[in-house]
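Listed below, chain by chain, are the residues.
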Amino acid sequence: MKDINFRKIRIAICLFILIGLTACFSCSDEKQEPEKPKKPQPETLRDSPFPIGAALNPNSLKTNVNYRELVQKELGSLTPENQMKMWTITKGRGEYFWDDADFMADFARSNNIRLHGHCLVWYKDGTRTNSNMQWLINFQGTKEEWKQVMREYILAVAGRYKGKVASWDVVNEAIRDDGSFRGEDDIWCKNIGAPEYIDWAFHCAHEADPDALLFYNDYGHEYSTTKQQAINDLIKGMIERGVPIHGIGLQMHTNVNRNIVDLRNAINFAAQTGLKVHVSELDVAVNTSKNPSAEFTTELQDAQYRSYMMVSATMAALPEEQQYGITTWGLQDPVTTPPDWPLMFDSNYQRKKAYQGIMNGISE
Ligand code: XIL
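Notes on the structure follow.

## A word on the overall build of the chain
Phase 1: Regarding its fold elements, the chain presents 13 helices and 11 strands.
Phase 2: Per-residue burial over the chain gives 50% buried out of 364 residues.
Phase 3: In the chain, the share of contacts with a sequence separation of at least 24, taken over all contacts with a separation of at least 6, comes to 78%.
Phase 4: Carbon and sulfur atoms make up 51% of the accessible area of the chain, which totals about 17,500 Å².

## Some details on the site of the ligand
Phase 1: Around the ligand, the structure places E81, N82, K85, H118, W122, N172, E173, Q251, H253, E281 and W329.
Phase 2: Take H118: an N or O atom from its side chain is 2.7 Å from an oxygen atom of the ligand.
Phase 3: If the ligand stood free it would expose 410 Å²; the protein chains cover 70% of that surface.
Phase 4: Grouping the amino acids of the shell around the ligand by side-chain chemistry returns 2 nonpolar, 5 polar and 4 charged.

## As for the pattern of salt bridges
Phase 1: Here the structure, examined in full by the defined rule, presents 14 salt bridges.
Phase 2: Two residues, R351 and E74, come together in a salt bridge whose shortest N-O distance is 2.8 Å. Of this pair, R351 sits in the loop between β11 (323-328) and α13 (353-362) while E74 sits in helix α3 (residues 65-74), and the two are 277 residues apart along the sequence.
Phase 3: For R351, a relative accessible area of 39% puts it in the partly exposed group.
Phase 4: Take E74: its relative accessible area is 0%, and that puts it in the buried class.
Phase 5: Between K353 and D302 there is a salt bridge whose closest N-O contact spans 2.7 Å. Of this pair, K353 sits in helix α13 while D302 sits in helix α12 (residues 298-317), and the two are 51 residues apart along the sequence.
Phase 6: Note on K353: relative accessible area 33%, which makes it partly exposed.
Phase 7: Each of the salt bridges in this network shares a partner with another, and the network as a whole consists of K143, K147 and E196.

## Focus on α3
Phase 1: Listed as buried for α3 are Y67, L70, V71 and E74. Seen along its axis, α3 keeps its buried residues to an arc of 100°; they face one direction.
Phase 2: Backbone nitrogen of N66 and a side-chain oxygen of the N-cap are separated by 3.0 Å at the start of α3; the cap is N64.

Reading guide: rules and limits
Residues numbered from 1 in each chain as written. Predicted model: local features only at pLDDT ≥ 70, side-chain atom pairs only at ≥ 80, totals over all residues. Heavy atoms only, no water. Helix = DSSP H or I, 4+ residues; strand = E, 2+ residues; numbered from the N terminus. Buried < 20%, exposed > 50% of the residue type's maximum accessible area, 1.4 Å probe, protein only. Contact = heavy atoms within 4.5 Å. Areas by Shrake-Rupley, 256 points an atom, 1.4 Å probe, with all protein chains shown as cover. Near = heavy atom within 4 Å. Polar contact = N/O pair within 3.5 Å; in protein donor to acceptor, adjacent residues only side chain to side chain. Nonpolar A, V, L, I, M, F, W, Y, C, P; charged D, E, K, R; others polar. Salt bridge = Lys/Arg side-chain N within 4 Å of Asp/Glu carboxyl O. Arc of directions from axis to C-beta.

This is the structure we're talking about:
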């Protein structure tokens, strides 16, 4: 009887020790495991919960296999860098050069990539004195005649890409950093007045393609609270006037010296309009002093990683219907002097830490 009891006690002690050791090992295992993102990560950008894309050009798509294959593998959205701007698409009033824009539209369609049109009305079109824009710069007319010129142009371009372009930057950069309209510096503001020309552009775009999502696009939200407020006020006014507007584009040409909280605040502030939010021209420069012998150090790579991660994490935290996506201004780091490394892919088309930043941000 006594013997049995002793055996029972010995077995119990052994079991106790065994359980303790197992618990201890599994504890230390857990500690050693690297931190896992909370949600499973997509394999490429194409599988991300909102479209991620880049501004592209037709020459690289046509001639550079590495570039083209990377686009096909990774991108869910594309913006033609220059091919849908007035100064590349027109030669005179009613005279158009469609080849490059058509190529971009066909490429997007055949690869099942969302196409974002950029941009129908931009004050800079009226400042390109040595190019195709003389016809507009020399135009003389009443306010109504200027509105007619704008309408003709928008109906032609947005009409041609109806059903092919998912969304348009209808008006680009109408507001200065101090929150004012551009006045004399903006050919449309000067001849039609603002915000009237902006409202008009959106009405014309909606007339041309009632299914396209229409965006107001600008820069500086992350560094000027005055401008950010002026943009939201403009949009609020447009909504009150019944103007068809669906989205706000934040260019976000930024750099690693900018506090990443400013990036988050800019996106969240824009989201207060209730519209879809597109980070439309993202790049994060690292060589802000333009040092010709700068190097892309681990510290700079990490800082850039944090900027990219903040942008995607903030986008992912918006209500789903407001997550229009993230577009970088270019695909791969350029080879330039002074050098810089602003994008998600290096000049050999390989993923950088910035790419991992985007991925970790969306799976947080
Ligand atoms: C830039 C292009 O990248 C250049 O190739 C071109 O010479 C000038 O325009 N904001 C915009 C973009 O909305 O259209 C600009 O693109 C960059 C700043």
